[in-house]
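Chain residues, written in single-letter form:
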Amino acid sequence: MKTEDISLFHRIVETGSLVEAADILNLPKSTLSRRLNGLEEELNVKLFHRQSRSMTLTASGTHFYDKTTSMMSSLEQTLSELTDAKSEVSGHLRILIFPIPELLQITQGIFKFMDLHPGITVEFIVSAEPQDMIRNNIDLAFMLEDSFNENEMVARHIFSETVHFFASPEYLKKAGTPKTPEEVTHHNSILFRYPNGRIFNEVPFGQDMTLSVKGNLCVNNLSVCLEATLSGRGISMMPLPFCQEHVESGELEMLFKEVAPYEGKCFLVYPSRRYISLASQRFIDHMMVELENCSVTGTCNQEINVRGPIKPLI
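Here the structure is a predicted model, which is why all the values come from computation and not from measurement.

1. A few points about the overall build of the chain
Alright, step 1. The helix and strand inventory of the chain stands at 10 helices and 14 strands.
Alright, step 2. Here the chain holds 314 residues, and 48% of them are scored as buried.
Alright, step 3. Counting contacts in the chain only where the partners sit at least 6 residues apart, residues at least 24 apart contribute 76% of the total.
Alright, step 4. A total of about 15700 Å² of accessible surface is found on the chain, and carbon and sulfur atoms cover 50% of it.

Structure, rendered in structure tokens:
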């Protein structure tokens, strides 16, 4: 029995469809079907109830999935223990990246990992839209805190970013410059919607205050948020590095400079319900070193299991 076939079986279970699994794995449906049939013949059990548009596990299939998940996890852990940390690994990684200011740094780190391990292939998915990591066979993701609500995840804090209030001189000339937190609530704010559907309209002010803001524009992309702010559409909250050059050029003004900024945290996350491959383990170790200098809190090497919405590491 090949472990590759067991891994393919897991992908079919997690997508719930032979066609979707074949598309994600970039394999012909006929190949996937043939290997699944071979696995069932070898086990002498029926693993799926086959329907026109979906596949559901039989009782035997559920038992086999539960048992082999822990088995594959143990196998990958054993391989990790036996394999030198610098030795080459192979495999395919699907990586989801939230469009954040550090996208270039993350990308460069991934390229270095690929150079160290030529047998690795990588697929980038840059998106601010919700993604089911299990169903879409996503191995790892770089996500902001509060931007997703997977029920069972492992999260590694990789860096923090200071977030400030910004507005264009044109907007401030027209609407006035807020001098107190309360005045911000009366201004037009550019709202941000996270991938989990939550609108970021309860915004932090300093270390111990939250403001309820409102506005006539909501976006889910930082570049669009920046453009809207530059166009004088309202006040926004953005990471300083993302708009530093526009502050220096005078196109934007940073408000409340005397107030300690809010720190947004970014995590490297992966599903805890799926066994983590040796390639993923090596990738995580590599990226934690590559991005260590981005962290201002020194918590890069902490790991937490999360059940329910992700909470930031302290």
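From this point, the discussion proceeds with the structure in view.
2. A short note on helix 1 (residues 3–15)
Alright, step 1. In a regular helix each residue adds 1.5 Å, so 13 residues correspond to 18 Å; helix 1 covers 19 Å between its end C-alpha atoms and thus fits that length.
Alright, step 2. Of all 13 residues in helix 1, 10 are buried, a share of seventy percent or more.
Alright, step 3. Every buried residue of helix 1 is accounted for by D5, I6, S7, L8, F9, H10, R11, I12, E14 and T15.
Alright, step 4. On its buried face, helix 1 sits against helix 2 (18–25), helix 3 (29–43), strand 1 (48–50), strand 2 (55–57) and helix 4 (59–82).
Alright, step 5. Trailing helix 1 by a residue or two, G16 shows a phi angle of about 75 degrees, which is positive.

3. Topic: the pattern of salt bridges
Alright, step 1. What the rule picks out here adds up to 6 salt bridges.
Alright, step 2. Between D5 and R35 there is a salt bridge whose closest N-O contact spans 2.7 Å. Of the two residues, D5 is situated in helix 1 and R35 in helix 3; the sequence distance between them amounts to 30 residues.
Alright, step 3. Using a relative accessible area of 26% as the deciding quantity, one classes R35 as partly exposed.

4. Some words on the side chain of T185
Alright, step 1. With respect to the helices and strands, T185 occurs in the loop between helix 7 (181–184) and strand 7 (188–192).
Alright, step 2. The residues touching T185, leaving out its near neighbours within four places in the chain, are L211, S212 and K214.

5. Some words on the nonpolar core
Alright, step 1. Core analysis: the largest hydrophobic core is formed by 67 residues, its most contacted members being I106, F142, F165 and F283.
Alright, step 2. Sort the elements by how many residues they give to this core and strand 6 (residues 152–167) lands first, with 9 residues.
Alright, step 3. Formed by 17 residues, the second largest nonpolar core is a distinct cluster that contains F9, A22, M72 and Y275.

6. Thoughts on the state of the cysteines
Alright, step 1. All told, the structure shown has 0 disulfides when counted by the stated rule.
Alright, step 2. Of the cysteine sulfurs around C218, a residue in no disulfide, the closest is that of C225, at 9.6 Å.
Alright, step 3. C243 carries a free sulfur, and the closest cysteine sulfur to it, the one in C225, is 8.6 Å from it.
Alright, step 4. A residue is classified by how much of its surface remains accessible, and C243, at 0% relative accessible area, is buried.

7. Overview of the packing of aromatic side chains
Working definition: an aromatic ring pair is given by the centre-to-centre distance plus the angle between the planes.
Alright, step 1. Evaluated as defined, the whole model comprises 9 aromatic pairs.
Alright, step 2. Measuring from centroid to centroid gives 6.1 Å for F165 and F256, while their planes differ by 75 degrees, and the two rings are edge-to-face. Residue F165 is located in strand 6, and its partner F256 is located in the loop between strand 12 (253–255) and strand 13 (262–271); the two are separated by 91 residues in the primary sequence. Neither F165 nor F256 differs from the other in exposure class; each is buried.
Alright, step 3. Through successive ring pairs, a cluster of aromatic residues spans F9, F48, F64 and Y65.

8. Topic: the side chain of E161
Alright, step 1. As for its placement among the helices and strands, E161 is situated in strand 6.
Alright, step 2. Although E161 is buried, it makes no salt bridge; K265 carries the closest opposite charge, 12 Å away.
Alright, step 3. Residues in contact with E161, not counting those within four places in the same chain, are P101, E102, P239, P241, Y262, E263 and G264.

9. Some thoughts on the confidence of the model for the chain
Alright, step 1. Looking at the chain, the pLDDT average stands at 84 and 89% of residues meet or exceed 70.
Alright, step 2. The least confident element of the chain is strand 14 (residues 303–307), whose mean pLDDT is 43; the most confident is helix 6 (residues 169–175), at 97.
Alright, step 3. Here residues 294–314 scores under 50 on pLDDT; set against residues more than four positions off or in separate chains, the count is 65 contacts.

10. Here's the deal with the pairing of strand 7
Alright, step 1. Counted residue by residue, strand 7 has 4 buried out of 5 residues, so it is predominantly covered.
Alright, step 2. For strand 7 and strand 10 (residues 214–219), the ladder comprises 4 bridges, and the chain directions are parallel. Considered in strand 10, the bridge of N188 is made with K214.

11. Here we look at a nonpolar patch on the surface
Alright, step 1. Nonpolar side chains collect at one region of the surface, where F111, F124 and V126 lie side by side and expose about 260 Å² of accessible area between them.
Alright, step 2. In this structure, F111 sits in helix 5 (residues 103–116).
Alright, step 3. Assessed through its relative accessible area of 43%, F111 is described here as partly exposed.

12. A short note on the packing of helix 1 against helix 3
Alright, step 1. With their axes 10 Å apart at the nearest point, helix 1 and helix 3 run at an angle of 110 degrees to one another. For the element pair helix 1 / helix 3, the angle class is roughly perpendicular. Of the two elements, helix 1 crosses helix 3, and the hand of that crossing is left-handed. Residues E4, D5, L8, F9 and I12 of helix 1 pack against L32, R35, L36 and L39 of helix 3.
Alright, step 2. Residues belonging to the contact of helix 1 with helix 3 are distributed by class as follows: 6 nonpolar, no polar and 3 charged.

Criteria and cut-off values
- Residues numbered from 1 in each chain as written.
- Predicted model: local features only at pLDDT ≥ 70, side-chain atom pairs only at ≥ 80, totals over all residues.
- Heavy atoms only, no water.
- Helix = DSSP H or I, 4+ residues; strand = E, 2+ residues; numbered from the N terminus.
- Buried < 20%, exposed > 50% of the residue type's maximum accessible area, 1.4 Å probe, protein only.
- Contact = heavy atoms within 4.5 Å.
- Areas by Shrake-Rupley, 256 points an atom, 1.4 Å probe, with all protein chains shown as cover.
- Expected span 1.5 Å × (residues − 1).
- Salt bridge = Lys/Arg side-chain N within 4 Å of Asp/Glu carboxyl O.
- Core = buried A, V, L, I, M, F, W, Y, C linked by side-chain atoms within 4.5 Å.
- Disulfide = S-S within 2.5 Å.
- Phe/Tyr/Trp six-rings, centres within 6.5 Å; stacked < 30°, edge-to-face > 60°.
- Lys, Arg positive; Asp, Glu negative; His and termini not counted.
- pLDDT = per-residue confidence, 0-100.
- Pairing = 2+ DSSP bridges.
- Patch = residues over 30% accessible without salt bridge, like charges linked within 9 Å, V, L, I, M, F, W, Y side chains within 5 Å.
- Axes fitted to C-alpha atoms, helices over the stretch in contact; angles between N-to-C directions.
- Parallel < 35°, antiparallel > 145°, perpendicular 65-115°, else oblique.
- Left-handed = near helix turned anticlockwise from the far one by under 90°.
- Nonpolar A, V, L, I, M, F, W, Y, C, P; charged D, E, K, R; others polar.

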